[in-house]
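Breakdown of the fold
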Amino acid sequence: MAAEDKDRRRYPRIPSKVDVNVRLAEESRAIPAVSTVGDVGHGGCRFVSRESWPVGSVLWLTILPKRSIVEAKARVVYEKPQKGGTFEIGAEFVEISARDKARLEEVLKTVVQPVG
């Protein structure tokens, strides 16, 4: 990601390697696709998927860090094809409960490494 992309973010992203289950928000009975979150922040996340999720798609994400679950509705803001037929997906959170926000905050605290 280019430096200017990082600078324009409202919320910084933290590198992460946690599983995430992904499905279209309106398809509550669909079997979710399993992916790995590459980075996450208060405003959204980036993950690699074998499934294509076009820009504008509204997804239900179940992020599975150790000993916790964070659920959120997110909108796809970019989709970049990758080698091997996968897609890098950038998604912004559009709906997240207060409880899940608090869980996300705890996850972000455990991922951040102290500087110095």
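Residues numbered from 1 in each chain as written. Predicted model: local features only at pLDDT ≥ 70, side-chain atom pairs only at ≥ 80, totals over all residues. Heavy atoms only, no water.

A closer look at the overall build of the protein
Operational definition: Where helices and strands are cited, they refer to DSSP runs of H or I of at least four residues and of E of at least two residues respectively, numbered from the N terminus. The classification of residues rests on relative accessible area computed with a 1.4 Å probe and restricted to protein chains. Under 20% of the type maximum is buried, over 50% is exposed, and intermediate values are partly exposed. Contacts are assigned to residue pairs that have any heavy atoms within 4.5 Å of one another. Accessibility throughout is a Shrake-Rupley quantity obtained with a 1.4 Å probe, and a residue counts as covered only by protein chains that appear here.
Of the regular secondary structure elements, the protein holds two helices and six strands. Written out in order from the N terminus, the α and β elements of the protein read α-β-β-β-β-β-β-α. The burial tally for the protein puts 37% of its 116 residues in the buried class. Contacts in the protein between residues far apart in sequence, at least 24 positions, make up 51% of those at least 6 positions apart. Accessible area of the protein: about 7,500 Å², with a carbon and sulfur share of 51%.

Details of the pattern of salt bridges
For clarity, the cut-off: A side-chain nitrogen of Lys or Arg and a carboxyl oxygen of Asp or Glu constitute a salt bridge if their distance falls within 4 Å.
For the structure on display, the rule yields four salt bridges. A salt bridge links E92 to R75; the shortest N-O distance between them is 3.6 Å. Of this pair, E92 sits in strand β6 (residues 87-95) while R75 is found in strand β5 (residues 70-81), placing the two residues 17 residues apart along the sequence. Here R103 and D100 are joined by a salt bridge, their closest N and O atoms 3.3 Å apart. Here D100 and R103 lie together in helix α2 (residues 98-111), a separation of three residues that amounts to about one turn.

Regarding the pairing of β6
Short version of the rule: When DSSP locates at least two bridges between a pair of strands, those strands are taken to pair.
Here strand β3 (residues 44-49) pairs with β6 via six bridges, running antiparallel. Residue pairing across strands places C45 opposite A91, the latter belonging to β6. As paired strands, β5 and β6 are joined by eight bridges and run antiparallel to one another. For K73, the partnering residue across the bridge sits in β6 and is E95. Between β5 and the antiparallel strand that follows it, β6, lie five residues; G84 among them carries a positive phi value of about 85 degrees.

Describing the pairing of strand β4 (residues 58-64)
Regular strands place their side chains on alternate faces of the sheet. One ladder, built from six bridges, connects strand β1 (residues 14-24) with β4; its direction is antiparallel. Bridged to R23 within β4 is W60. As paired elements, β4 and β5 share six bridges and run antiparallel to each other. Residue pairing for β5: L61 is matched across the bridge by A72. In sequence, β4 turns back onto β5 through a hairpin of five residues, with R67 there showing a positive phi of about 55 degrees.

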